[in-house]
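This is what each chain is made of:
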Amino acid sequence: MLFKKGVEELVDDVKSGRLDEDSVVSYFKERSARLNPKLRAYISTCTVKGNNGPLHGIPFAVKDNMQLNGTKTTSGSKILENYGSTFTATAVKKLLDNGGTVIGKTNLDEFAMGSSTEYSAFFASKNPWDISRVPGGSSGGSAAAVASGMVPFALGSDTGGSIRQPASFCGIVGYKPTYGLVSRYGLSAFASSMDQIGPLTKSVRDAALVGSMIFGRDLNDATTIDKKINVMNTLENSIEGMKFALPSEFVKGLTSTAKIVLEEAIEALKRLGARVEEVSIPSLKYAVAVYYIIAPAEASSNLSRYDGIKYGLRVEEDSIDETYNQTRDEGFGKEVKRRIMLGTFTLSATYYDAYFDKAQRVRAKITDELLKIFLTHDAIVGPTTPKTAFKFGELSSPLDYYLQDIYTIPANLAGLPSISVPMGFVEKLPIGLQIMGKRFDDSKILQIARAYEKVRGEFPMPNIDDDGGEK
Amino acid sequence: MKSVIGLEIHVQLSTKTKAFCSCKNEVDAKANTNICSVCTGQPGALPVLNDQVVEYAIRGALALNCEIHEVSSFDRKNYFYPDLPKGYQITQYFHPIATNGYVELNSGKRIRIRRIHIEEDAGKMFHSSENITESISSLVDLNRCGIPLIEIVTEPDLEKPEEAREFMEKLRDVLRAVGISTGNMEEGALRCDANVSVVNDKGHSSSRVEVKNINSFRFVQHALEYEIERISKVMESGGDVPMETRGWDSISKSTVSMRSKEAENDYRYFPEPDLPILVVSKKRIKRIRNSLPELPDEKAKRYEKEIGIQSENAKILSKDKELSRYFEDAIKIGISAKDASNWIVNEVMALFNADSMEFNPKKISLAHLKKVIDYTNSSKISRLAAKEIIAEVYKTGKDPDVIVKEKNLLQVSDESSLIPIVKEVILENPRVVEQYKKGKASVVGFFVGAVMKKTNGKADPKLAGKLVKKVLDGEFE
């Protein structure tokens, strides 16, 4: 039953000699090989061993938009299908330096643009709770791999909810640290002002443990901040006396069953001695609109480098302009093209003021309103997603699809730390509780999440094994 | 007709490493050797600002009398071209580091600088054919990608091509004086695009034309002269001057249309999210200001007022750091200021200029220069011989003492050896003697010339003149 164990437990087992490190890695590699045809979590598999360290013998998976020397890093795109990494992302390197072993690169929506992995250029990953449903996205491969026990933990990236939403859909923990706490060096950029790497794990303790290993100022990323944060120290502290805000804007769209699950979670928090107060944050209604102006704008620029000149797909034509056009036409999928066009439009000289500049100002306003809440409240709580995992092809309109991120986007706009913890089931599908704190309050949101996790009790794993999961 | 000219100048900063990565800042290395994941735009690579770039930009901006902004920021300029690996150039569009400076021309006219901002250079393209439209393939060298630049934008204060050239030369002198760039236009370390329009006598103005590819100080003037004349002719004939970008072709000595303004890119500028806002403290700005060396114009004034040399010479000697040090050291070793300035400007610089070489103090050591000047002042050699000796020192580095001996250049300056030669030339030219006797005193010069010829230039011309007169006047009969 190794696959049910969390990172901490496996570390202890290896350290005490109950398990030897090679057998742990090979166990998870075998389990991955067995389950992957069903769940399609990986784009590629590998064995990249790290140094000696606390994670010695612990395997993990990395979203395929993070560079790892010796592997192909596709970012889920045809344009980078054969791109070999020339360096290793700082966050991945830190885990390798801590002793971890990478055993797979996980599937994602192309360049992390999507909420289901349906926009991966290669294939869609499946939700281990119901393989006719999406695992969420864009870190859907990482979420499916962790939820099914193919790896004890995985790294994902979150620009508008891409760690938390798949965590919510797959019944695991997904943690997006404060912007600037984890280096983005080596992460294929989608929207640089919001992209953040974080862990997907089975427990809050594991999320804190992995998080603490990847934090820190990186000389290769000028937006990282030198801040000493010890998330492990306060993790088990009581949350008695804390005050949480539940934005009414986060409750409106919920189905009645989801509301019941949320109310149970709120009751649990109250039992722990916290107060939960419903508040209204009016500017939140603009969050999705603002996000879908700023993120595509930054993306349109970030993706300009994929031009067929230096690396990646190149469709040779007679002129340079035609080579650009054909390379990008064949290399990018439709969602990526849609966002490049959106971003190109909103940044154009004629529309810059009306769209990009205005969106930046509304972004500042949203950040301001959120900050005001934190003057009187310790955290903002609510559901991570309005609904549970949807079926493949169910959300055909881009607008419905974009609304998936309605609760997760504000944290990215304001650079806040945010975590999704499983809080229950709606019609047999998991849904997460989201806890958001002010910038650099990562210790506090992890502490709240951990306290909640304890009163909630053990969260089940999906029954994905044909043979009952034992060998 | 009146012309209105504004310049946009790119200056490569001579920092050790590139602007946003730690690759060496060396343009002429083997193609694609000074490159890394950052400057080639690999996925996931991020820019980190090199602080030396900030230091150099502030030095340059202060030397050009600019206001430095404590808060500035970076933006992206987006366009596709194979020499631009990221698909955007990092620049400062919305909030540049410096604004409001000026350069003062010799006439006293001030050319205002609108802004100075930091940006990165692009790579270099090599096309398979001279003409880009005929090329079937192109190669790209990314060594230059990410090399730090400052862009200097002037107000349209220049009215003549000569002023534009003088501005560029003064700018180069300042950049070199503060040590932030080689300022070499031929090598592309200093590049100039000119915006020019012409206003006719009725006050009617032409559209603005941008002239690119100007890669020498001479061409700044030539390209603008050509373009102003071209625009003027079109206006005179009643034609329309389209707003366009033209390139200077130094072979045909003309400008050629490159693209119309309508065909220009929309660069989709927006704030660079990978770089934090750039903050420089008042203290830092003050420290840099205090560390600036004496600038060429200040130095020229000092040479004129305090050392008392001619204004023209003072300007030349203060242009270049090496040259002014050479001049000041010459005075220190005992050469008079007047001699030092005259000899350096008229003799030494003439040699470098003839070879189109940069001044290099090692070619003519001060000790050697002093010897030549001393020989001349004590009439041991002629002025002509001095010229020859300096040229020889410049060429071979030999000691003047050795050259004087080898070439036998010491002047004949004792009367006893000159008198027979003087008598000889007088006897040989009886008709000229007649002229003298009739009162034409200027023929003395003719005899001196003849004496010089007979002595292979070694006679002391002053003494020779004296003796010629004496002989003609019969004092030695």
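Residues numbered from 1 in each chain as written. Chains lettered and ligands numbered in written order. Predicted model: local features only at pLDDT ≥ 70, side-chain atom pairs only at ≥ 80, totals over all residues.

(A) Up close: unusual backbone geometry. Residues and elements named next belong to chain A. Geometrically, the link from G137 to S138 is a cis peptide bond, its omega value of 10 degrees lying close to zero. Relative to the helices and strands, S138 resides in the loop between β3 (101-106) and α4 (140-147). A positive phi angle, near 55 degrees, is found at F111, a position not held by glycine. Secondary-structure assignment places F111 in the loop between β3 and α4. (Helix = DSSP H or I, 4+ residues; strand = E, 2+ residues; numbered from the N terminus.)

(B) Geometry of the environment of V53 of chain B. Residues and elements named next belong to chain B. Counting through the fold element by element, V53 comes out in helix α1 (residues 51-63). Under the C-beta neighbour-count criterion, V53 is labelled buried, with 25 such atoms within 10 Å. Beyond its immediate chain neighbours, meaning those up to four positions away, V53 contacts L13, T15, A19, I118 and P148. (Buried ≥ 20, exposed ≤ 12 C-beta atoms within 10 Å, placed from the backbone. Contact = placed C-beta atoms within 7 Å.)

(C) Fine view of the sheet that holds strand β10 (residues 418-426) of chain A. Residue and element names in this part refer to chain A. The 11 strands lie next to each other as β1-β3-β2-β4-β6-β5-β10-β11-β9-β7-β8, forming an open sheet whose pairing is mixed. Where the open sheet ends on each side, the last strands, each with one partner, are β1 (42-49) and β8 (275-279). When strand polarity is set aside, the average angle formed by the axes of neighbouring strands in this sheet is 25 degrees. Bridge analysis of strand β5 (residues 173-176) against strand β6 (residues 196-201) gives 2 bridges, and the strand direction is antiparallel. Following the sheet pairing, G174 is matched in β6 by L200. (Pairing = 2+ DSSP bridges. Axes fitted to C-alpha atoms, helices over the stretch in contact; angles between N-to-C directions.)

(D) Broad picture of the nonpolar core. Formed by 206 residues in total, the largest nonpolar core has its most connected members in V92, V151 and A154 of chain A together with A57, A61 and A194 of chain B. In terms of residue count, the dominant contributor to this core is helix α8 (residues 287-302) of chain A (10 residues). Ignoring sequence-local partners within four residues, the contact set of A57 of chain B consists of I97, I116, I118 and I150 of chain B. Among the nonpolar cores identified, the runner-up in size contains 30 residues, and Y326, L369, V372 and I390 of chain B belong to it. (Core = buried A, V, L, I, M, F, W, Y, C linked by C-beta atoms within 7 Å.)

(E) Local environment of the interface of chain B and chain A. With 24 residues of chain B in contact, the opposing surface of chain A contributes 34 residues. Taken together, the residues of the side of chain B that touches chain A break down into 12 nonpolar, 7 polar and 5 charged. (Nonpolar A, V, L, I, M, F, W, Y, C, P; charged D, E, K, R; others polar.)

(F) Region of interest: the packing of α8 of chain A against helix α11 (residues 353-376) of chain A. All names here are of chain A. It is at 9 Å that the axes of α8 and α11 come closest, and there the two elements cross at 130 degrees. Relative to α11, the element α8 lies oblique. Of the two possible hands of crossing, α8 and α11 adopt the one that is left-handed. From α8, A287, V290, I293, I294 and A297 reach across to α11, where they touch Y355, F356, A359, Q360, V362, R363 and I366. Of the residues contributing to the contact of α8 with α11, the split by class is 10 nonpolar, 1 polar and 1 charged. (Parallel < 35°, antiparallel > 145°, perpendicular 65-115°, else oblique. Left-handed = near helix turned anticlockwise from the far one by under 90°.)

(G) Summary view of the pairing of β3 of chain A. Residues and elements named next belong to chain A. In terms of burial, β3 is a largely internal element, 6 of the 6 residues being buried. Pairing of β1 with β3, which is carried by 5 bridges, proceeds in the antiparallel orientation. Opposite T45, over in β3, you have G104 as the bridge partner. Here strand β2 (residues 59-63) pairs with β3 via 5 bridges, running parallel. Paired with F60 across the bridge in β3 is V102. Of the crossover connections in this fold, the one passing from β2 over helix α3 (residues 90-97) to the parallel β3 is right-handed. (Right-handed = clockwise from strand over helix to strand, strands pointing away.)

(H) Up close: the domain arrangement of chain B. Domain annotation of chain B identifies domain 1 (2-284), domain 2 (294-407) and domain 3 (415-472). Just the C-alpha atoms count here: the centres of domain 2 of chain B and domain 3 of chain B sit 33 Å apart. (Domains from an automatic or database assignment.)

(I) Broad picture of helix α14 (residues 442-456) of chain A. All names here are of chain A. The end-to-end C-alpha separation of α14 is 21 Å, in line with the 21 Å expected for 15 residues at 1.5 Å each. All of the buried residues along α14 are D442, S443, K444, I445, L446, Q447, I448, A449, R450, A451, Y452 and E453. G457 sits one or two positions beyond α14 and adopts a positive phi of about 90 degrees. (Expected span 1.5 Å × (residues − 1).)

(J) Seen up close, the packing of helix α5 (residues 296-307) of chain B against helix α6 (residues 311-319) of chain B. Residues and elements named next belong to chain B. In the contact formed by α5 and α6, the axes pass within 8 Å of each other and the chain directions differ by 140 degrees. The pairing of α5 with α6 is recorded here as oblique in orientation. Helix-helix and strand crossings are classified by hand; for α5 and α6 the assignment is right-handed. From α5, P296, K299, A300, Y303 and E304 reach across to α6, where they touch S311, A314, K315, L317, S318 and K319. Residues that form the contact of α5 with α6 fall into these classes: 5 nonpolar, 2 polar and 4 charged.

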